[in-house]
Amino acid sequence: MSTMRITEDHEWIRLEDGAVGITEFAQEQLGDIVFVELPQVGRKLKKDEEAVVIESVKAAAGCKAPVAGTVLEVNALLAEAPATINQDPTGKGWLFKLKIDDPEELKALLDEATYRARLSK
């Protein structure tokens, strides 16, 4: 099982590889995703800076960087198949990978159990 930290705004970061994406809850709220605008590789992001634009049949939404860092890689699969986010938001539907500037910032994020508990309230 992967170890993720999750923001209050439903973005997640996987600790093993720095992959960032949106949660199952977030993709359900968006509905069918039709387009994703990913950040440039090498872009420096501040914590909570909008990094990705996700467009669905319902709305457009932003995905913010959960922590500060540099974009190492983007998920090229999403250019051809943005609905991958709907099918597997915490797996194949990752958005970008981040080289984390300060691992201490991860401590401010929710662990998976705390996130699930907040959703069920």
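Residues numbered from 1 in each chain as written. Predicted model: local features only at pLDDT ≥ 70, side-chain atom pairs only at ≥ 80, totals over all residues. Heavy atoms only, no water.

A. Layout of the sheet that holds strand E7 (residues 60–64). Taking strand neighbours across the sheet as the criterion, the 3 strands line up as E4-E6-E7 in an open arrangement whose pairing is antiparallel. The outermost strands of the open sheet, each flanked by one partner alone, are strand E4 (33–37) and E7. Going across the sheet, the axis of each strand differs from the next one's by a mean of 25°, ignoring polarity. With 4 bridges joining them, E4 and strand E6 (residues 50–56) adopt antiparallel strand pairing. Looking at the pairing, Ile-33 lines up with Ser-56 of E6. (Pairing = 2+ DSSP bridges. Helix = DSSP H or I, 4+ residues; strand = E, 2+ residues; numbered from the N terminus. Axes fitted to C-alpha atoms, helices over the stretch in contact; angles between N-to-C directions.)

B. Here's a closer look at the packing of aromatic side chains. Applying the stated criterion across every chain, the model contains 0 aromatic pairs. Above the ring of Trp-94, the side-chain terminus of Lys-97 is found at 4.8 Å from the ring centroid. (Phe/Tyr/Trp six-rings, centres within 6.5 Å; stacked < 30°, edge-to-face > 60°. Lys NZ or Arg CZ within 6 Å of the ring centre and 35° of its normal.)

C. Highlighting the pairing of strand E9 (residues 96–100). For strand E3 (residues 19–22) and E9, the ladder comprises 2 bridges, and the chain directions are antiparallel. When the sheet's bridge partners are listed, Ala-19 is paired in E9 with Lys-97. As judged from the 5 bridges shared by strand E8 (residues 69–74) and E9, these two strands associate in the antiparallel manner. Pairing of Val-71 across the sheet is with Leu-98, part of E9.

D. How the structure looks around the environment of Thr-114. Within the secondary structure layout, Thr-114 lies in helix H4 (residues 112–119). Residue Thr-114 is classed as partly exposed on the basis of its relative accessible area, which comes to 30%. For the pair Thr-114 and Lys-64, spaced 50 residues apart in the sequence, the C-alpha separation amounts to 20 Å. (Buried < 20%, exposed > 50% of the residue type's maximum accessible area, 1.4 Å probe, protein only.)

E. A look at the environment of Lys-47. Looking at the secondary structure, you find Lys-47 in the loop between strand E5 (44–45) and E6. Residues Lys-47 and Leu-95, spaced 48 residues apart in sequence, show a C-alpha to C-alpha distance of 16 Å. Ignoring sequence-local partners within four residues, the contact set of Lys-47 consists of Ala-65, Pro-66, Val-67, Ala-68 and Glu-105. (Contact = heavy atoms within 4.5 Å.)

F. Molecular detail of the pattern of salt bridges. With the rule as written, the count across this model stands at 9 salt bridges. Lys-64 is paired through a salt bridge with Asp-9; the nearest N and O atoms lie 2.7 Å apart. Here Asp-9 lies in the loop between strand E1 (4–6) and strand E2 (11–14) and Lys-64 lies in strand E7, a separation of 55 residues in the sequence. Taking the relative accessible area as the measure of exposure, Lys-64 reaches 25% and is therefore partly exposed. Several salt bridges share partner residues, and in doing so they unite Arg-14, Asp-17, Glu-73 and Lys-97 into one network. (Salt bridge = Lys/Arg side-chain N within 4 Å of Asp/Glu carboxyl O.)

G. Local environment of the pairing of E6. As paired strands, E6 and E7 are joined by 5 bridges and run antiparallel to one another. Along E7, the bridge assignment pairs Glu-55 with Ala-60.

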